[in-house]
Amino acid sequence: DVKVTQSSRYLVKRTGEKVFLECVQDMDHENMFWYRQDPGLGLRLIYFSYDVKMKEKGDIPEGYSVSREKKERFSLILESASTNQTSMYLCASSSPTGGAKNIQYFGAGTRLSVL
Amino acid sequence: AQTVTQSQPEMSVQEAETVTLSCTYDTSESDYYLFWYKQPPSRQMILVIRQEAYKQQNATENRFSVNFQKAAKSFSLKISDSQLGDAAMYFCAYGGNSGYALNFGKGTSLLVTP
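Residues numbered from 1 in each chain as written. Chains lettered and ligands numbered in written order. Predicted model: local features only at pLDDT ≥ 70, side-chain atom pairs only at ≥ 80, totals over all residues. Heavy atoms only, no water.

A. Main features of the layout of surface pockets. As a volume, the largest pocket reaches approximately 550 Å³. Every element with two or more residues in the lining of the largest pocket is listed here: β5 (42-49) of chain A together with β1 (3-5), β10 (88-96) and β11 (102-104) of chain B. Element by element, the count of residues in the lining of the largest pocket is highest for β5(A), at four residues. Grouping the constituent residues of the lining of the largest pocket by class yields twelve nonpolar, eight polar and five charged. Estimates place the volume of the second largest pocket at around 300 Å³. Along the wall of the second largest pocket there are 15 residues; nearest its centre are A:Q37, A:P39, A:R111, B:Q39 and B:M89. (1 Å grid on protein atoms, 1.4 Å probe; cavity = no way out; pocket = protein on both sides within 12 Å on 5 of 7 lines; lining within 4 Å. Points joined across faces, edges and corners; volume = space filled by probe spheres on them. Helix = DSSP H or I, 4+ residues; strand = E, 2+ residues; numbered from the N terminus. Nonpolar A, V, L, I, M, F, W, Y, C, P; charged D, E, K, R; others polar.)

B. Fine view of the packing of aromatic side chains. By the definition in use, this model includes 14 aromatic pairs over all chains. Here A:Y35 and A:F106 contribute two aromatic rings whose centre-to-centre distance is 5.9 Å and whose plane-to-plane angle is 35 degrees, an arrangement assigned as tilted. Here the residue A:Y35 occupies a position in strand β4 (residues 31-38), and A:F106 occupies one in strand β10 (residues 105-106), the gap between them amounting to 71 residues. As far as the burial class goes, A:Y35 and A:F106 line up, both buried. Centre to centre, the rings of B:F68 and B:F75 are 6.3 Å apart; their planes meet at 80 degrees, and the pair counts as edge-to-face. Using a relative accessible area of 0% as the deciding quantity, one classes B:F75 as buried. Cluster of aromatic residues (ring-pair linked, three or more members): A:F33, A:Y35, A:F48, A:F106, B:F35, B:Y37 and B:F104. (Phe/Tyr/Trp six-rings, centres within 6.5 Å; stacked < 30°, edge-to-face > 60°. Buried < 20%, exposed > 50% of the residue type's maximum accessible area, 1.4 Å probe, protein only.)

C. Broad picture of the interface of chain B and chain A. Between chain B and chain A, the residue contacts involve 22 residues of the former and 28 residues of the latter. Between chain B and chain A lies a buried interface of about 2,000 Å² when both sides are counted; carbon and sulfur atoms form 50% of it. Counting across the chain B and chain A interface gives zero salt bridges. Mapped by element, the contributors of at least two residues to the side of chain B that touches chain A are β5 (32-39), β6 (46-52), β10 and β11 of chain B. (Contact = heavy atoms within 4.5 Å. Buried area = accessible area lost by both parts, 1.4 Å probe. Salt bridge = Lys/Arg side-chain N within 4 Å of Asp/Glu carboxyl O.)

D. Spatial organisation of unusual backbone geometry. All names here are of chain B. Look at N62: it is not a glycine, yet its phi comes out positive at around 60 degrees. Inspection of the secondary structure puts N62 in the loop between β7 (60-61) and β8 (64-69). Using a relative accessible area of 80% as the deciding quantity, one classes N62 as exposed. One non-glycine residue, D81, lies in the positive phi region at around 50 degrees.

E. Summary view of the nonpolar core. Grouped together as the largest cluster of nonpolar side chains are 25 residues, with contacts concentrated most on B:Y25, B:W36, B:F75, B:L77 and B:Y90. Where this core is concerned, the elements lending two or more residues are β3 (19-21), β5, β6, β8, β9 (74-79), β10 and β12 (108-113) of chain B. Ignoring anything within four residues of it in the chain, the contact list for B:F75 reads B:C23, B:Y25, B:L34, B:F35, B:W36, B:Q51, B:V66, B:N67, B:F68 and B:C92. Listed in part, the 20 residues of the second largest apolar core include A:L11, A:V19, A:I60 and A:V114. (Core = buried A, V, L, I, M, F, W, Y, C linked by side-chain atoms within 4.5 Å.)

F. Looking closely at the pairing of β9(B). All names here are of chain B. Among the six residues in β9, five count as buried, and that is most of the element. The pairing of β3 with β9 spans three bridges and is antiparallel. Along β9, the bridge assignment pairs L21 with L77. As defined by bridge partners, β8 adjoins β9 across six bridges and the pair is classed as antiparallel. Counted as the bridge partner of N67 is S76 from β9. (Pairing = 2+ DSSP bridges.)

See the structure below:
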């Protein structure tokens, strides 16, 4: 089975802190994604990456950056956390080819609270 | 940009009954993928079913089936013989043929009553 692991289920940070959310997948997927999930808004794409060191902005990249130094790992960085970044963050991975093309596999999510 | 609309924020169904969740989408592409994902209260998002637009046959997975109407850009999910474990948030999603990001609807919360 595909496994996408997010390093933390819950995080509490202070305003202005630098925050790292880590995500690791074990299926050698080329694509990795970071979403933000808020009630009534569904999932909104923050950033995605289709290869090592490659990244593309999603719908709401402001206030976030990402890093992909290895194929299996995709990090989301909040340079200076703000209260409006309190949310659920979901990581996903997928392959752009093959029988499972486009199927995204998700981690369990990280609930981030910024105080 | 492709948009996905789920017009039912909440739905309720009795155990053993059938329920249909609605989804419409907007696209100018002819080749694409559609998905239903389930997110139980434990939060792990899992795939329920996938439909490839070039396939006319509706996808099925056990008690889950879709009604894919390409011309109408409609993609509904039917859950038969509903079980308590089906209670979850259900998201409809669209994926282009490029194989990259998905566009998600805002979700439908399904309540299953005994």
